[in-house]
Amino acid sequence: MSAFSTARNKQGARLARWMMFVDGEGLAIRGRELLHARSIEPHVGPLYEPDVFLWAPVSPTPRHVFDPLHSAPLEEFAIRWHYYTALQGDDVSNRCTERWLTGT
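Residues numbered from 1 in each chain as written. Predicted model: local features only at pLDDT ≥ 70, side-chain atom pairs only at ≥ 80, totals over all residues. Heavy atoms only, no water.

Student: When you look at unusual backbone geometry in this model, what are you seeing that I'm missing?
Tutor: Keep in mind that most residues, glycine aside, have a negative phi and that most peptide bonds are trans. Positive phi is not limited to glycine here, since serine 39 has a value of about 60°. Checked against the element boundaries, serine 39 lands in the loop between α2 (24-37) and β2 (48-49). In this structure, aspartate 51 is a non-glycine residue whose phi angle is positive, near 60°. Structurally, the position occupied by aspartate 51 is in the loop between β2 and β3 (53-54). Owing to a relative accessible area of 35%, aspartate 51 belongs among the partly exposed residues under this scheme. (Helix = DSSP H or I, 4+ residues; strand = E, 2+ residues; numbered from the N terminus. Buried < 20%, exposed > 50% of the residue type's maximum accessible area, 1.4 Å probe, protein only.)

Written as structure tokens, this is what we have:
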């Protein structure tokens, strides 16, 4: 019996609350590898900066992006969702990245 099935049995019909922490740097690196494998070259801009962040312009709710959450008995939306990353550069480039990530 899977951990999710066990959790479902303990909870009954109630869905579990959940949080997500996204490693933006790791997602950017692995995402770029996936795109290259499909012969797609990402372009630097508000949705991508090499080794810093990668995001899709239209994305489903967070729980539908990552396995094995598809089958988990979870609420539709996270109670907390953090996207974090690391970057190096001068103040100007760091502020530009911050504006892209925050949408400001």
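Continuing now.
Student: How should I be thinking about the pattern of salt bridges in this particular structure?
Tutor: Where charged atoms from two side chains of opposite charge approach closely, those side chains can pair. In this structure the tally under the stated criterion is two salt bridges. For glutamate 33, the salt bridge identified is with arginine 30, shortest N-O distance 3.4 Å. On the criterion of helical spacing, the pair formed by glutamate 33 and arginine 30 is a turn pair, its members being three residues apart in helix α2. Take glutamate 33: its relative accessible area is 42%, and that puts it in the partly exposed class. For arginine 32, the salt bridge is made with aspartate 51, and the minimal N-O distance between the two is 2.7 Å. Residue arginine 32 is found in helix α2, and its partner aspartate 51 is found in the loop between β2 and β3; the two are separated by 19 residues along the sequence. (Salt bridge = Lys/Arg side-chain N within 4 Å of Asp/Glu carboxyl O.)

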